[in-house]
Amino acid sequence: MLLNLKIGIVACFLAFPLFSRGEELDVKMRFSVEKRDYSYYDVCIAKYTTGIVDGGSVIKTEQGEWNISVKESPIEKGKKYEVTFLLQSGFEQAANVSVEFPMANWNKNNYVLFPGAVYNGNRFQSRRIAYSPKLLDPKDIGVDKPMVISDVPRLNVGDGPSEIQERSGAMSVPSIGFWDFQQKRSFILLTMQANECGDLGIGIKENRQRNEAVISLRSPLIREGYRFGTNVSVDKPKDFKAGDSVRFVFKVLVDDGERLQDLFASYLDLRDDELLQKQQHAVYPYSYCYKVMENKFNTQNYVADWGYYAVGLRSNYFQDWQIGWTGGMITTYPLLFNGKKETVENVIRNFDWLFQGGIAPSGLFWDAGEKGNIWYGGDIRKPHTKNWHLIRKSGDALFFILKQFDVFKKKNLPVQSNWEEGTRGVADAFVKMWRTYGQFGQFVDNPTGKIEVGGSTSGAIIPGAMALASVYFQDTTYMAVAKESAEYYYKNYVSKGITCGGPGDALQNPDSESAYSMLESLVTLYECTQDDKWLGYSEDMAALYATWVFGYDYHFPEQSTFGKLGIRTFGSVLANVQNKHSAPGICTHSGAALFRLYRLTGDKRYLDLLKGTAFGLPQYMSMKEREIGGMPDGWINERVNTTDWEGLSIGEIFKGTTWAETSLLLTTVEVPGIYVDVPKKLAVSFDNLEVRFVKEKSAGCLVEVYNPTDFDAEFFYWVDGSTTGLLPLNYLLGKEKMQVKAKDRKRFYLKYNM
């Protein structure tokens, strides 16, 4: 007998009402033993299946007999299960076991989510193009073309087999969910990451008619044929002997809702679930990180002959100069904000250098450059993309340059007129593009501003940048474009559960980079207009962005680099559905919009989301006393590999300096080390410190701070009382810092900041 979830009625075995609506969601559970032929890439050669039977389920194969036991317990909106397969007698060669959920009344339009790996089933047009993929076929290239992704696990957009086979480590939360638009219901299967056989397999398969689907958990992990794209599967079935067992622990959650965003909101709630184990540990305080990073950028990245900060070590032009995305005018911001005299002088030279030659005829910034005086419009490795400017780069630069103008003025340093003229020209180029196309596209011709590849949310930071430009230049035209473009992005992408096109090396695969940039823009728009619409959009975007952020600590192989170091993945951010690694931080931001959003809404989930990333970042910095992958002091690699997408490299990195260093620098100046919400008696340390709220005092509060690291710490703080106003731009600039020595515990009286 199959295990039936008959929603709204009483049924055998699984009888609990989950919905207020009258119709039923028909969900069943069954168990299988699958025999595999590894020599034929894990093809299934025999399958034995049963449902739940009174007194326990049994599967008899040609070689053995399996007993399946089920423990269930009710939880809010669903049930928790522990399913154990025990090989009672005999043996089983080259096999895996699975728990399956056949879905009757399936609809192809259901939105399928593997958080961080699959969005809307990844059911888009796809092309198999070698890394770094850029569109090749003229029929795919243009302003108004369908979204095109690379060869990633996906449900079929057309006819033919339709199946996704993933590993649990590919997801920010090991789970699969879907939203049923017809029934207005969400389904989430949440599981543990691994059991005695390692990572679990999580999959979904549709039938030919697309009116039925099967969701599955497999152990050991088996992906038939390919593990990813053209990478052949090396997953091995297991040889079982009598007495061996395999255990699954999972939850099935089903809920009513009104719109797709309710699915993402449910995932935001799941981050505190008991199945998601995490425990962050302190390594380096922010102030120590900043000193190390400042020295690294001044000695290794700064090109004194020309006066600019390269994004890397100049081994190629992508590691020399890029205006945004991975550094450029993003990096100069934290260096200007908190740098010593020499660093500030270097930043000023960087501005002078940029505005002498770094602007293309279109008015946008040149995409990249090398050797101080050679400028490029795009990816010069392919002739047809040599002028394809990734639009988010000019958006990044505009956003962070305007923030730096504010720093200059607050530091009583001059902002040169040609800097302002060039910056305004970039804003004007965005106005022209918007008025011409009604979008910003993904890639534009750098010399002319013509959109080459349209669509995507690559320009998600542009609405925020234009809002800042409107305030700085006192020009309402910029604000109009900011509002119109933000509305366009929300209606065409965010409301549909998609952000894509942020990276320049992943076609238009769904990605986290444009997801966070969209959040930053929406929060900025609310701050500039105080229109509640943008606040509502911001909360929707925060929930969608959260699906990219690791909600637990992945169990790395003990002998891997990260396993030996005890790296905690909680708070790391998955890149995109093509580049299947997590990253130490946000490319390339601090996450400060989440802090501002908490102050606007009082929703602590945003603080928790930010803390995971902000607190976790320092552990990825290599130092001689804690070297990572042979990297020198201050280097941070972008890889947090929880999958085998690059081969058998889980827990390993390549030796390389990356944008993640800038992400950490940004965090040290945009996020307070310690935050206190006095009315709630809530104290949070984003820095690698521990804080405890002691008591409220006149015009402030008393807190106790412990520094568990081996390094003295100096930290910014922010204290809110009963009244919380909007944070001014660069709100931490010039604020008082507190000091606490290594391994010391100290009490501080902290005054309200507003």
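Residues numbered from 1 in each chain as written. Predicted model: local features only at pLDDT ≥ 70, side-chain atom pairs only at ≥ 80, totals over all residues. Heavy atoms only, no water.

1. Considering the overall build of the chain
If you tally the helices and strands in the chain, you get 14 helices and 38 strands. Along the first, second and third principal axes, the C-alpha atoms of the chain reach 80 × 65 × 55 Å. Scored against the burial criterion, the 754 residues of the chain give a buried share of 65%. The long-range share in the chain, meaning contacts at least 24 apart out of those at least 6 apart in sequence, stands at 70%. (Helix = DSSP H or I, 4+ residues; strand = E, 2+ residues; numbered from the N terminus. Buried < 20%, exposed > 50% of the residue type's maximum accessible area, 1.4 Å probe, protein only. Contact = heavy atoms within 4.5 Å.)

2. A word on the packing of helix 5 (residues 391-410) against helix 7 (residues 462-473)
Viewed as axis vectors pointing N to C, helix 5 and helix 7 meet at an angle of 35°, and their least axial separation amounts to 9 Å. Seen along the crossing, helix 5 lies across helix 7 with a hand that is left-handed. Residues Ile391, Gly395, Leu398, Phe399, Leu402, Lys403, Phe405 and Lys409 of helix 5 form the contact with helix 7, whose participating residues are Ile462, Gly464, Ala465, Met466, Leu468, Ala469, Tyr472 and Phe473. Here the contact of helix 5 with helix 7 is composed, by residue class, of 12 nonpolar, two polar and two charged. (Axes fitted to C-alpha atoms, helices over the stretch in contact; angles between N-to-C directions. Left-handed = near helix turned anticlockwise from the far one by under 90°. Nonpolar A, V, L, I, M, F, W, Y, C, P; charged D, E, K, R; others polar.)

3. Let's talk about the sheet that holds strand 38 (residues 745-751)
Taking strand neighbours across the sheet as the criterion, the three strands line up as 34-35-38 in an open arrangement whose pairing is antiparallel. One side of each edge strand has no neighbouring strand; the edge strands of this open sheet are strand 34 (690-697) and strand 38. Within this sheet the neighbouring strands show an average axis-to-axis angle of 25°, counted without direction. Of the strand pairs in this sheet, strand 34 and strand 35 (residues 700-706) are connected by seven bridges, and their pairing is antiparallel. Along strand 35, the bridge assignment pairs Phe693 with Val703. (Pairing = 2+ DSSP bridges.)

4. Digging into the side chain of Lys251
On the secondary structure map, Lys251 appears in strand 21 (residues 245-256). A distance of 2.9 Å separates the side chain of Lys251 from the side chain of Asp273, its partner in a polar contact. If we ignore the near neighbours within four places in the chain, the residues touching Lys251 are Ile75, Lys79, Lys80, Ile188, Leu189, Leu190, Asp273, Glu274 and Leu275. (Polar contact = N/O pair within 3.5 Å; in protein donor to acceptor, adjacent residues only side chain to side chain.)

5. What about the sheet that holds strand 25 (residues 368-370)?
The strand order across the open sheet formed by three strands is 24-25-26, and the pairing between neighbours is antiparallel. The outermost strands of the open sheet, each flanked by one partner alone, are strand 24 (321-322) and strand 26 (374-376). As defined by bridge partners, strand 25 adjoins strand 26 across three bridges and the pair is classed as antiparallel. Residue pairing for strand 26: Gly369 is matched across the bridge by Trp375.

6. With respect to the nonpolar core
The biggest cluster of nonpolar side chains holds 176 residues, and the ones touching the most others in it are Met466, Tyr545 and Phe686. Tallying contributions element by element places helix 5 first for this core, with 10 residues. What Met466 contacts, discounting residues up to four positions off in sequence, is Leu398, Ala427, Phe430, Val431, Tyr478, Met479, Val481 and Ala482. Residues Tyr48, Phe101, Val118 and Phe240 belong to the second largest nonpolar core, which totals 42 residues. (Core = buried A, V, L, I, M, F, W, Y, C linked by side-chain atoms within 4.5 Å.)

7. Some thoughts on the confidence of the model for the chain
Looking at the chain as a whole, the pLDDT averages 95, with 96% of positions reaching at least 70. In the predicted structure, residues 1-25 sits below a pLDDT of 50 and forms 69 contacts with residues beyond four places in sequence or in another chain. (pLDDT = per-residue confidence, 0-100.)

8. Regarding helix 13 (residues 604-616)
Taking 1.5 Å of rise per residue, the 13 residues of helix 13 would be expected to cover 18 Å, and the 18 Å separating its terminal C-alpha atoms lies within 8% of that figure. Among the residues of helix 13, Tyr606, Leu607, Leu609, Leu610, Gly612, Thr613, Ala614, Phe615 and Gly616 are the ones counted as buried. (Expected span 1.5 Å × (residues − 1).)

9. Describing helix 1 (residues 261-270)
Every α-helix winds through 3.6 residues per turn, so residues three or four apart in the chain are directed the same way. Within helix 1, seven of the 10 residues are buried, which leaves the element mostly enclosed by the surrounding structure. Along helix 1, the residues that are buried comprise Gln261, Leu263, Phe264, Ser266, Tyr267, Leu268 and Leu270. On the buried face of helix 1, the contacting elements are strand 7 (111-114), strand 12 (175-180), strand 13 (185-191), strand 21, helix 10 (532-546) and helix 13.

10. A short note on unusual backbone geometry
With an omega dihedral of -5°, the bond running from Ser219 to Pro220 counts as a cis peptide bond. Tracing the backbone through its elements, the reader meets Pro220 in the loop between strand 17 (213-219) and strand 18 (226-228). Here Cys587 and Thr588 are connected by a cis peptide whose omega angle stands at -15°. Mapped onto the secondary structure, Thr588 falls in the loop between strand 31 (582-583) and helix 12 (592-601). The residue Ser456 is not glycine, and still its phi comes out positive at about 80°. Positionally, Ser456 belongs in the loop between strand 29 (451-453) and helix 7. Non-glycine residue Lys681 carries a positive phi angle of around 55°. Looking at the element boundaries, Lys681 is found in the loop between strand 32 (674-677) and strand 33 (682-685). On the basis of relative accessible area, Lys681 is assigned to the exposed category, the value being 55%.

11. Some points on the packing of helix 12 against helix 13
Orientation of helix 12 relative to helix 13, taken along the N-to-C sense of each, is 165°, at an axis distance of 8 Å. In terms of their interaxial angle, helix 12 and helix 13 are classed as roughly antiparallel. For helix 12 against helix 13, the interelement crossing comes out left-handed. In this structure, helix 12 contributes Leu594, Phe595, Leu597, Tyr598 and Thr601 to the contact, and helix 13 contributes Lys604, Tyr606, Leu607, Leu609 and Leu610. Partitioning the contact of helix 12 with helix 13 into residue classes produces eight nonpolar, one polar and one charged. (Parallel < 35°, antiparallel > 145°, perpendicular 65-115°, else oblique.)

12. Comments concerning the pattern of salt bridges
Tallied over the full model, the rule gives 56 salt bridges. Ionic pairing is found between Asp608 and Lys604, a salt bridge with its closest N-O pair at 2.8 Å. With Asp608 and Lys604 both in helix 13, this residue pair falls four residues apart, about one helical turn. We classify Asp608 as partly exposed; its relative accessible area is 30%. The partner of Arg747 in a salt bridge is Glu704, with the nearest N and O atoms 3.4 Å apart. Of the two residues, Arg747 is situated in strand 38 and Glu704 in strand 35; the sequence distance between them amounts to 43 residues. Residue class for Arg747 comes out partly exposed when judged on its relative accessible area of 46%. (Salt bridge = Lys/Arg side-chain N within 4 Å of Asp/Glu carboxyl O.)

13. Things to note about the pairing of strand 4 (residues 57-60)
Each regular strand carries side chains that alternate between the two faces of the sheet. Because side chains alternate across strand 4, one face comprises the buried residues Ser57 and Ile59, and the other comprises Val58 and Lys60, none of which is buried. Here four bridges tie strand 4 to strand 5 (residues 64-75), and the two strands are oriented antiparallel to one another. Residue pairing across strands places Ser57 opposite Ile68, the latter belonging to strand 5.

14. Some thoughts on the packing of aromatic side chains
Under the definition given, this model contains 52 aromatic pairs. Geometrically, the ring pair formed by Phe355 and Phe365 is edge-to-face, given 6.1 Å between the ring centres and 70° between the ring planes. On the criterion of sequence distance, the pair formed by Phe355 in helix 4 (residues 341-357) and Phe365 in the loop between helix 4 and strand 25 is long-range, its members being 10 residues apart. With relative accessibility at 10%, the residue Phe355 sits in the buried group. For Phe365, a relative accessible area of 0% translates into the label buried. When the ring of Tyr516 is compared with that of Tyr545, the centres are 5.6 Å apart and the planes differ by 65°; the resulting orientation is edge-to-face. One end of the pair, Tyr516, is in helix 9 (residues 513-529); the other, Tyr545, is in helix 10, and 29 residues separate them in sequence. Judged on exposure class, the residue Tyr516 and its partner Tyr545 are both buried. Every member of this aromatic cluster is reached through a ring pair, and the members are Phe351, Phe355, Phe365, Phe405, Phe408, Trp419, Tyr472, Phe473 and Tyr478. In this structure, Lys533 packs its charged tip against the face of Trp534, placed 4.5 Å from the ring centre. One cation-aromatic arrangement involves Arg745 over Tyr706; the distance from NZ or CZ to the ring centre is 4.4 Å. (Phe/Tyr/Trp six-rings, centres within 6.5 Å; stacked < 30°, edge-to-face > 60°. Lys NZ or Arg CZ within 6 Å of the ring centre and 35° of its normal.)

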